[in-house]
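Structural overview
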Amino acid sequence: MKTKKQSSLSCILGYAGGHRTLTLLGCILSALSAVLGLIPFVCVWLAARNVLESWPGLDGASDLARWGWTAVWTAVGSILLYFAALMSTHIAAFRTARNIRRTAMDHVLKLPLGFFTGNQSGRLRKLIDDNAGLTEDLLAHKLPDLAGTVITPIAAIVMLFLFDWKMGLLCLLTMILALLSMCLMMGGKNAGFFHRYQKEIERMSGEAVEYVRGIPVVKMFQQTVYSFKAFYAAIKDYSNLASQYAMSCRIGQTCFLTFINGAFALLIPAALFLASKGEIRTVLVNFIFYALFAPACGQMINRIMYMSEAVMEADEAVSRLNEILNQKSLEESKAPKHPSGAAVSFDHVTFTYPGTDHPALDDVSFTIQPGQVTALVGPSGGGKTTAASLIPRFWDTDSGIVSVGGVNVRETDTKDLMKQVAFVFQDTRLFKESLLENIRAARPKASREEVLAAAHAARCDDILEKLPQGLDTVVGAKGIYLSGGEQQRIALARAILKNAPIVVLDEATAFADPENEHQIQKAFEVLTKNKTVLMIAHRLSTVQNADSIIVLKDGKIAEQGGHESLLAQHGVYAAMWEDYQHSARWKVGKEETV
């Protein structure tokens with residue numbers, strides 16, 4: 001049985017909680033304001049009739065002041081009701097947007113850490129913050145306007161036929177034709193324009209970022225924007241989409257504006273015709289009313305058009321938010337077990353990244369005993385980083401078991417698991433805070449002396465000495481920028497301070513110059529002492545003393561053993577070692593001819 005799809009508005013109001021009633025109150029007040037706003041038009045008609053009936057004198061127009069004040073006070077009442085409506089919906093909208101952001105962030109915190117490796121923080125912020133902002137605008141402004149827009153046509157149609165049905169029918173005809181023109185613009189092939197427009201905006205923004213990052217290369221090789229075909233293609237596609245939509249709307253928009261503003265073209269000849277057939281004063285009074293009321297009807301049609309745009313925005317906002325909320329979160333064990341010891345075990349592990357068909361790891365099994373150093377080597381794309389990321393549970397396996405301390409990581413409390421593992425990756429992330437807080441992130445309650453000791457063990461003394469405020473120096477925006485190797489040493493200090501029994505090192509010296517690499521290697525000695533270590537390295541010289549070397553190729557274990565035993569097998573590792581030795585001996589210079 002098919003379940004009925006929840007509308008975007010219902011989905012958004014689901015986040016309103018107790019403020020849903022406030023939203024409803026705002027809509028009711030807005031509807032009452034809209035109805036009250038029509039009364040001044042009736043007062044104008046009554047005042048005009050009073051004046052014309054007593055013309056040329058005004059002695060008989062005794063009710064003129066009463067109709068005038070009634071028009072003023074009802075207009076003021078309409079404004080006050082609308083103000084109260086917006087106050088109610090704004091309060092509800094702010095709380096609802098807050099709830100959406102909070103719900104999204106709570107869900108994000110439960111997602112596997114691997115999710116963040118494929119999703120940039122800027123994109124996540126845009127998805128959550130911008131789309132929550134769209135819903136805020138919908139609830140605060142568009143929804144109360146919708147209530148007024150729904151009620152006003154009903155009252156307006158009644159009023160159109162209240163005084164002169166012939167003139168009312170002409171005004172109604174212009175309204176119907178304007179609505180048909182609007183449907184012509186927004187229906188058919190243009191119905192999905194807003195979704196395509198958002199897609200093109202996102203694509204162009206992403207390509208723009210990549211282009212800006214590549215500007216040094218463009219300048220170095222004297223190239224132009226056309227060198228970045230993806231960026232250029234994104235601009236052209238966006239331009240073509242916007243142009244096609246604009247051109248497809250030209251007829252509908254022209255007709256729409258003509259009809260909502262063209263009531264006079266029908267009312268004037270109609271009034272002249274009716275005046276020739278009946279009472280001139282009555283026709284003139286009715287003409288004054290419909291001449292004033294017709295533009296108000298046009299404004300009402302404009303609101304309907306803006307509401308349809310708001311609905312499309314709401315649909316898109318909910319769809320984008322669901323991209324995050326539909327991501328599967330990590331399942332926490334209801335009866336978590338505490339790891340005992342520091343052994344790491346892979347038991348027939350298979351894992352495939354979301355959106356791909358080929359497994360990154362295929363039936364991989366190995367064990368790292370407490371205190372051992374195991375190295376993962378192999379060609380790029382062989383599954384080394386994937387294997388390392390499964391230990392701290394960045395992802396959950398498709399099949400097989402990853403165990404830490406004899407306990408399946410799925411059955412371990414996430415906080416306990418994080419206490420067991422310290423990891424240093426090649427992409428170091430430092431917060432826009434002081435070095436003290438960056439290092440202390442591993443153990444927030446650590447004292448300043450403990451942080452200094454960790455920095456010293458990570459060979460960061462020279463970094464602290466050259467900085468203006470030493471350990472209190474802010475890094476990143478509005479602060480000091482460190483080199484890749486220096487950032488790596490700060491990350492190592494963070495890992496040393498954590499003092500976890502299991503250490504995962506993924507190409508930790510990848511961006512280090514020779515001087516920094518030497519310091520990092522010294523820091524490794526402190527970090528890995530008496531620890532269970534899993535290290536990934538392309539520089540095979542750094543792994544030859546490991547207790548065990550595992551060669552991963554195409555997601556499978558190709559070879560396993562010590563350095564000398566693997567060389568003796570003359571297999572994948574031996575070939576890699578030979579290539580590494582050739583690259584180590586390579587020097588810049590003229591090739592010798594024989």
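The following refers to the structure shown. (Residues numbered from 1 in each chain as written. Predicted model: local features only at pLDDT ≥ 70, side-chain atom pairs only at ≥ 80, totals over all residues. Heavy atoms only, no water.)

A few words now on the overall build of the protein chain. The secondary structure content of the protein chain amounts to 21 helices and 10 strands. Among the 594 residues that make up the protein chain, the fraction classed as buried is 42%. By sequence separation, contacts in the protein chain at least 24 residues apart represent 76% of the contacts at least 6 residues apart. (Helix = DSSP H or I, 4+ residues; strand = E, 2+ residues; numbered from the N terminus. Buried < 20%, exposed > 50% of the residue type's maximum accessible area, 1.4 Å probe, protein only. Contact = heavy atoms within 4.5 Å.)

Next up on the list: the nonpolar core. Core analysis: the largest hydrophobic core is formed by 46 residues, its most contacted members being Val543 and Tyr573. Take this core: its biggest share by element is 7 residues, from helix α18 (residues 484–498). Sequence-distant contacts of Val543, that is, excluding residues within four places in its chain, are made with Ala375, Val377, Met535, Ala537, Ile549 and Tyr573. By size, the runner-up hydrophobic cluster in this structure holds 28 residues, among which are Leu361, Val402, Val504 and Ile536. (Core = buried A, V, L, I, M, F, W, Y, C linked by side-chain atoms within 4.5 Å.)

The N-to-C vectors of helix α2 (residues 20–36) and helix α4 (residues 64–110) enclose an angle of 160°; their axes lie 8 Å apart at closest approach. With respect to α4, the element α2 is oriented roughly antiparallel. In this structure, the crossing between α2 and α4 has a hand that is left-handed. Taken together, the residues of α4 that come into contact with α2 (itself represented by Leu22, Thr23, Leu25, Gly26, Cys27, Leu29, Ser30, Leu32, Ser33 and Leu36) are Thr74, Gly77, Ser78, Leu81, Tyr82, Ala84, Ala85, Ser88, Thr89, Ile91 and Ala92. Among the residues forming the contact of α2 with α4, the class breakdown is 12 nonpolar, 9 polar and no charged. (Axes fitted to C-alpha atoms, helices over the stretch in contact; angles between N-to-C directions. Parallel < 35°, antiparallel > 145°, perpendicular 65-115°, else oblique. Left-handed = near helix turned anticlockwise from the far one by under 90°. Nonpolar A, V, L, I, M, F, W, Y, C, P; charged D, E, K, R; others polar.)

Along the polypeptide, Asp462 turns up in helix α17 (residues 461–466). On the basis of relative accessible area, Asp462 is assigned to the partly exposed category, the value being 33%. In sequence terms Asp462 and Glu486 are 24 residues apart; their C-alpha atoms lie 9.7 Å from each other. At 2.8 Å, the side chain of Asp462 and the side chain of Arg489 are in polar contact. (Polar contact = N/O pair within 3.5 Å; in protein donor to acceptor, adjacent residues only side chain to side chain.)

Let us look at the packing of aromatic side chains. In this structure the tally under the stated criterion is 6 aromatic pairs. Ring geometry for Phe346 against Phe366: centres 4.5 Å apart, planes inclined by 15°, an arrangement best described as stacked. Of this pair, Phe346 sits in strand β1 (residues 344–351) while Phe366 sits in strand β2 (residues 361–368), placing them 20 residues apart in sequence. Take Phe346: its relative accessible area is 2%, and that puts it in the buried class. Overall, the relative accessible area of 4% leaves Phe366 in the buried class. With centroids separated by 4.9 Å and ring planes inclined at 80°, the aromatic side chains of Phe351 and Tyr353 adopt a geometry described as edge-to-face. (Phe/Tyr/Trp six-rings, centres within 6.5 Å; stacked < 30°, edge-to-face > 60°.)

Attention shifts here to unusual backbone geometry. One non-glycine residue with positive phi stands out, namely Arg459, at about 60°. Among the secondary structure elements, Arg459 is positioned in the loop between α16 (448–457) and α17. Residue classification places Arg459 among the partly exposed residues on the basis of a relative accessible area of 36%. Residue Asp554 is not a glycine yet carries a positive backbone phi of 55°.

In this structure the tally under the stated criterion is 9 salt bridges. Linking Asp396 and Arg393 is a salt bridge whose minimum nitrogen-to-oxygen distance equals 2.7 Å. Here the residues in one salt-bridge network are Arg393, Asp396 and Arg410, joined through shared partners. (Salt bridge = Lys/Arg side-chain N within 4 Å of Asp/Glu carboxyl O.)

Two orientations exist for strands paired in a sheet by backbone hydrogen bonds: parallel and antiparallel. The 4 strands lie next to each other as β2-β1-β4-β5, forming an open sheet whose pairing is antiparallel. With partners counted over all chains shown, the strands left at the sheet margins are β2 and β5 (407–408), one partner each. Relative to strand β4 (residues 399–404), β1 is paired through 5 bridges, and the arrangement is antiparallel. Among the inter-strand pairings, Val344 is bridged to a residue of β4, identified as Val404. (Pairing = 2+ DSSP bridges.)

For strand β9 (residues 548–553), the buried fraction is high: 5 of the 6 residues fall into the buried class. Pairing between strand β3 (residues 373–377) and β9: 4 bridges, direction parallel. Within the sheet, the bridge partner assigned to Thr374 lies in β9 and is Ser548. Bridge count for β9 against strand β10 (residues 556–561) is 5 bridges, and the pairing is antiparallel. Within β10, the position partnered with Ile550 by the bridge is Gln560.

A separate point is the sheet that holds strand β7 (residues 502–506). Across the sheet, which stays open at both edges, the 6 strands sit in the order β6-β7-β8-β3-β9-β10 with mixed pairing between neighbours. Taken across any chain shown, the strands that pair with only one partner, and hence form the sheet edges, are β6 (421–425) and β10. On average, each strand axis in the sheet is tilted by 15° relative to the strand beside it, whichever way the strands run.

Quick look at α16 now. Inspection of α16 places Val451, Ala454, Ala455 and Ala457 among the buried residues, and these make up the whole buried set. Down the axis, α16 shows its buried residues gathered within 160° of arc, on one side only. Of the residues in α16, the exposed ones pointing more than 90 degrees away from the buried face are Glu449 and His456. (Arc of directions from axis to C-beta.)

As far as function goes, none of this settles anything; it's purely spatial.
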